[in-house]
Amino acid sequence: MIFFDNVSKIYNHHSAALKNVTLRFQPKEFVSLVGSSGAGKTTLLKLLIREEEPSEGTVFLDGTEVSSVLSKDLHRLRRRIGTVFQDYKLLPTKSAAENVAFAMEAAGKLDEEIAEDVPQVLELVGLADKMDNFPHQLSAGEKQRVAIARALVNRPDVILADEPTANLDPINTREIIKLLHKINGLGTTVILATHDKEVVNAIEKRVVALERGEVVSDEEHGKYLA
Amino acid sequence: MRAGWLGLRRNAWLSTATIAIMALVLFVMGGLVFLGALSNTVLRSLESKIDISVYFTSDAPEQDILAVKHDVEVRPDVKEVSYVSRDAALASFRERHKENVLIVGALDELGDNPLQASINIKAADSSQYGAISDFLAEKKYPIVSKINYFENQEVINRLSSIVGTVRGAGALLTIFLAFVAVLVAFNTIRMAIYTVREEINIMRLVGASSWFIRGPFLITGLLYGGAAGALVTLAFFPLTWMIAPKLMILVPDFNLFRYFITNGLQFFLIMLAAGIALGVISSLIAVRRYLEV
């Protein structure tokens, strides 16, 4: 479903964020991308949502070449991919429910659909009782849940999580990963970029290790070997 | 749509300042329009007042005067000639100044009629006065003491050229001001965009379409312009009403207020359209340059 075909991203002579990366991701997979900072994890994710373009190679989403999508249709591509970030990226002036609803509004969904889906997805992430709280009234873990809810609400094919637990304590980290697991169980592909060893080793799913822009290992039940 | 209105409200002070500047621009434009109408009226009324007055010596016999009158009358470029005899001149002079004790007193003292007979010539077209006065000059009638024309024409020529210059300057000023207004609105919108750039980033991440992001800013620009247009039109109501009488002292033919009312709807629509155009153009430019959307 997602295919990185010999992709490279080169910034200049000395720094190549990615080098000859070829990876395939199947639907409903749960994949952890591991590597230290600068290994290329974030770059890989950026290429998928076309926040950056590859210097070489092609990125495919369901057979469509991501680079060939027209600017004016780019937003449609992005709706199929839910994103979760280390810094949550929530709108501070909107409540949790409003933040999640916003994703649907941006996608042009009707008010009735929004009214129905938002509470449901907030319940899924365990925040049904904090719907009307504003980000500054939520803990770090709760904020990340809202971000996940927002990523989910448009029923994307895949969720990209870029270091989602980097700002969380161990307990919250565990909770978030459990949540992502649950979501994956419901049928969404999850690609998790992280440098947290514990997390990865606990999951025991596919692990793709990147180092200096290259894939150094790709194991089905991998462990994060530091 | 809602977002556009919110955008305006959120930066209340900034919005007020922007609308104020745009309103000022439209105000000046409106003022210039009035100025144009005023000048036209002044010119026209002056032109209609042009005439040639020929004064005759006190001892000129009436039939000689009438002969001159006839000579002029038969000319095709003359519309009408009226004759004011010495007595008639005196009578109307007395009438005009009957309140003025000094003048009445002086006249009585004199006893004799100090005024001269005259004929008043109106041409069919104001451009023909030159020819008529040349005619009179060449004829060199002995009984003609003075031809009162040349000064008027110069005044009118002067006035015409002044009006022309003023209108030219006015047009330039308008263009300059429109430019300023667009810049101001543009800058305001740009700042608004900057303020919410985090939100915009998130919007793009989440997959909002370009129009979803652009829309609110365009609406804000539109509202700015519309508000400015409406404001100016409303302001002109009391203003023209107040200024009209003062203006009428100078130029009796021109009632500013009536002019405003009769052209009122047209005025409002033009102001509104101009305001909105300014607003939307500024928004489009701001959004395109700054958003890369």
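Keep in mind it's a predicted model, so treat the numbers as computed, not measured.

Cut-offs applied
One numbering rule holds for all chains: residues counted from 1, following each sequence as written. Chain A is the first chain written and ligand 1 is the first ligand written, with later ones labelled in order. Only residues with pLDDT of at least 70 are given local features in this predicted model, and only at 80 or more are side-chain atom pairs given and counted; all residues enter the totals for whole chains, interfaces and linings. Put simply, DSSP H or I for four residues or longer makes a helix, DSSP E for two residues or longer makes a strand, and each gets a number counted from the N terminus. With C-beta atoms placed from the backbone, a residue is labelled by how many other C-beta atoms lie within 10 Å of its own: buried for 20 or more, exposed for 12 or fewer, partly exposed between the two. Two residues qualify as being in contact provided that their C-beta atoms, derived from the backbone, are within 7 Å of each other. Pairing between strands is defined by DSSP: at least two bridges between the two strands are required. For this entry, the nonpolar core is defined as buried Ala, Val, Leu, Ile, Met, Phe, Trp, Tyr and Cys residues connected by C-beta atoms within 7 Å. Side-chain classes follow a simple rule in which Ala, Val, Leu, Ile, Met, Phe, Trp, Tyr, Cys and Pro form the nonpolar group, Asp, Glu, Lys and Arg form the charged group, and the remainder, Gly included, forms the polar group. Here the term right-handed applies to a crossover when the path leading from its first strand over the helix to its second strand runs clockwise, the strands being oriented away from the viewer. Comment: axis = line fitted to C-alpha atoms, over the contacting stretch for helices; angle = value between 0 and 180 degrees taken between N-to-C directions. Note on angle classes: values under 35 degrees are labelled roughly parallel, values over 145 roughly antiparallel, values of 65 to 115 roughly perpendicular, and the remainder oblique. Crossing handedness is read from the near helix: turned anticlockwise from the far helix by less than a right angle, it gives a left-handed crossing, and turned clockwise, a right-handed one. Directions drawn from the helix axis to the C-beta atoms are what define this arc.

*Asks:* Just give me the short version of the overall build of chain B, but keep the residues and values in it.
*Replies:* When its secondary structure is counted, chain B shows 11 helices and four strands. The buried share of chain B, taken over its 293 residues, is 27%. For chain B, long-range pairs separated by at least 24 residues make up 85% of all intrachain contacts whose partners lie at least 6 apart in sequence.

*Asks:* Account for the overall build of chain A, with residues named and values stated.
*Replies:* Check the secondary structure of chain A and you find seven helices and 10 strands. Going through the 226 residues of chain A one by one, you find that 44% of them count as buried. Residue pairs at least 24 apart in sequence account for 66% of intrachain contacts in chain A once pairs closer than 6 positions are excluded.

*Asks:* Tell me about the pairing of strand β2 (residues 15-25) of chain A, residues and numbers included.
*Replies:* Every other side chain in a regular strand lies on the same face of the sheet, so the side chains alternate between the two faces. All names here are of chain A. Pairing between strand β1 (residues 2-12) and β2: seven bridges, direction antiparallel. Considered in β2, the bridge of Ile-10 is made with Ala-16. Taking the residues that link successive antiparallel strands as the turn, the β1-β2 hairpin has two residues.

*Asks:* So what's going on with helix α3 (residues 96-106) of chain A? Which residues, and what values?
*Replies:* A large share of α3(A) lies buried, amounting to nine of its 11 residues. The inward-facing, buried residues of α3(A) abut α4 (111-124) and α5 (140-153) of chain A together with α8 (197-206) and α9 (210-250) of chain B. Backbone geometry just after α3(A) places A:Gly108 at a positive phi near 80°.

*Asks:* Tell me about the nonpolar core, and name the residues and values.
*Replies:* Counting residues in each nonpolar core, the largest one holds 74 residues, and the members touching the most others are A:Leu33, A:Leu48, A:Val100, A:Leu122 and A:Ala149. Broken down by element, this core gets its largest block of residues, eight residues, from α3(A). Other than its neighbours up to four places away in sequence, A:Val100 contacts A:Val118, A:Val121, A:Leu122, A:Val146, A:Ala149, A:Arg150 and A:Val153. Formed by 31 residues, the second largest nonpolar core is a distinct cluster that contains B:Leu26, B:Met29, B:Ile219 and B:Val232.

*Asks:* Residues and numbers for the interface of chain B and chain A, please.
*Replies:* Contact residues are listed per partner, giving 10 residues for chain B and 12 residues for chain A. For the side of chain B that touches chain A, the secondary-structure elements that each account for two or more residues are α8 and α9 of chain B. For the side of chain B that touches chain A, the element with the most residues is α8(B), which contributes five residues. The residue makeup of the side of chain B that touches chain A, split by class, is six nonpolar, three polar and one charged.

*Asks:* Before we move on, could you go through the pairing of strand β8 (residues 189-194) of chain A and cite the residues and values that matter?
*Replies:* Residue and element names in this part refer to chain A. Of all six residues in β8, six are buried, a share of seventy percent or more. The side-chain alternation of β8 yields two buried faces, one formed by Thr-189, Ile-191 and Ala-193 and the other by Val-190, Leu-192 and Thr-194. Alignment of strand β3 (residues 30-34) against β8, held across five bridges, turns out to be parallel. In the strand pairing of β8, Val-34 is matched with Thr-194. Here strand β7 (residues 158-162) runs beside β8; their pairing, made up of five bridges, is parallel. Bridging from a neighbouring strand, Ala-161 pairs with Leu-192 of β8. Once you follow β7 into helix α6 (residues 170-185) and on to β8, the crossover reads as right-handed.

*Asks:* Tell me about the packing of α3(A) against α5(A), residues and numbers included.
*Replies:* Residues and elements named next belong to chain A. As a packed pair, α3 and α5 sit with axes 8 Å apart at the nearest point and diverge in direction by 25°. Here α3 is positioned roughly parallel relative to α5, judged by the angle of their axes. Two packed elements cross with a definite hand, and for α3 against α5 that hand is right-handed. Side by side, α3 and α5 meet where Ala-96, Asn-99, Val-100, Ala-103 and Met-104 of the first sit next to Val-146, Ala-149, Arg-150 and Val-153 of the second. Residue classes in the contact of α3 with α5 are distributed as seven nonpolar, one polar and one charged.

*Asks:* Which residues make up the sheet that holds strand β3 (residues 118-123) of chain B, and what values go with them?
*Replies:* Residue and element names in this part refer to chain B. Reading across from one edge, β2-β3-β1-β4 is the order of the four strands in this open sheet, with antiparallel pairing throughout. Strand pairing shows two members of the sheet lacking a second neighbour, β2 (78-84) and β4 (144-148), which therefore form its edges. On average, each strand axis in the sheet is tilted by 15° relative to the strand beside it, whichever way the strands run. This element, helix α6 (residues 129-139), spans β1 (52-56), β2, β3 and β4 of the sheet and lies at about 15° to β1.

*Asks:* An account of the sheet that holds β7(A) is needed here, citing residue identities and associated values.
*Replies:* All names here are of chain A. Here we have six strands laid out as an open sheet, ordered β6-β7-β8-β3-β9-β10, and mixed in their pairing. Both edges of this open sheet fall to β6 (81-85) and β10 (214-219), since each of them pairs with a single strand only. The sheet shows a mean angle of 15° between the axes of neighbouring strands, taken without regard to direction. Bridge count between β6 and β7: five bridges; the pairing is parallel. Bridge assignment links Ile-81 to a residue of β7, and that residue is Val-158.

*Asks:* So what's going on with the packing of α3(A) against α4(A)? Which residues, and what values?
*Replies:* Residues and elements named next belong to chain A. It is at 9 Å that the axes of α3 and α4 come closest, and there the two elements cross at 125°. Considered as vectors, α3 and α4 are oriented oblique to each other. Note on packing geometry: the crossing formed by α3 with α4 is right-handed. Across the interface between the two elements, Ala-96, Ala-97, Val-100, Ala-101, Met-104 and Glu-105 of α3 pack against Glu-113, Ile-114, Asp-117, Val-118, Val-121 and Leu-122 of α4.

*Asks:* Describe the environment of B:Val166, and please don't skip the residues or the numbers.
*Replies:* Residue and element names in this part refer to chain B. Here Val-166 shows up in helix α7 (residues 150-195). By the C-beta count within 10 Å, which is 15 here, Val-166 ends up partly exposed. For the pair formed by Val-166 and Leu-35, sequence separation is 131 residues and the distance between their alpha carbons is 9.1 Å.

*Asks:* Report on α6(B), specifying residues and quantitative values.
*Replies:* Residues and elements named next belong to chain B. Residues Tyr-129, Ile-132 and Leu-136 constitute the buried set of α6. The buried residues of α6 occupy an angular sector of 70° when projected down its axis, which confines them to one face. Structural note: α6 exposes Asp-134 and Glu-138 on the side pointing more than 90 degrees away from its buried face.

*Asks:* Before we move on, can you summarise the environment of B:Leu26 with the specific residues and values?
*Replies:* Along the chain, B:Leu26 turns up in helix α2 (residues 12-49). When the C-alpha atoms of B:Leu26 and B:Leu272 are compared, they prove to be 9.4 Å apart, with 246 residues separating the residues in sequence.

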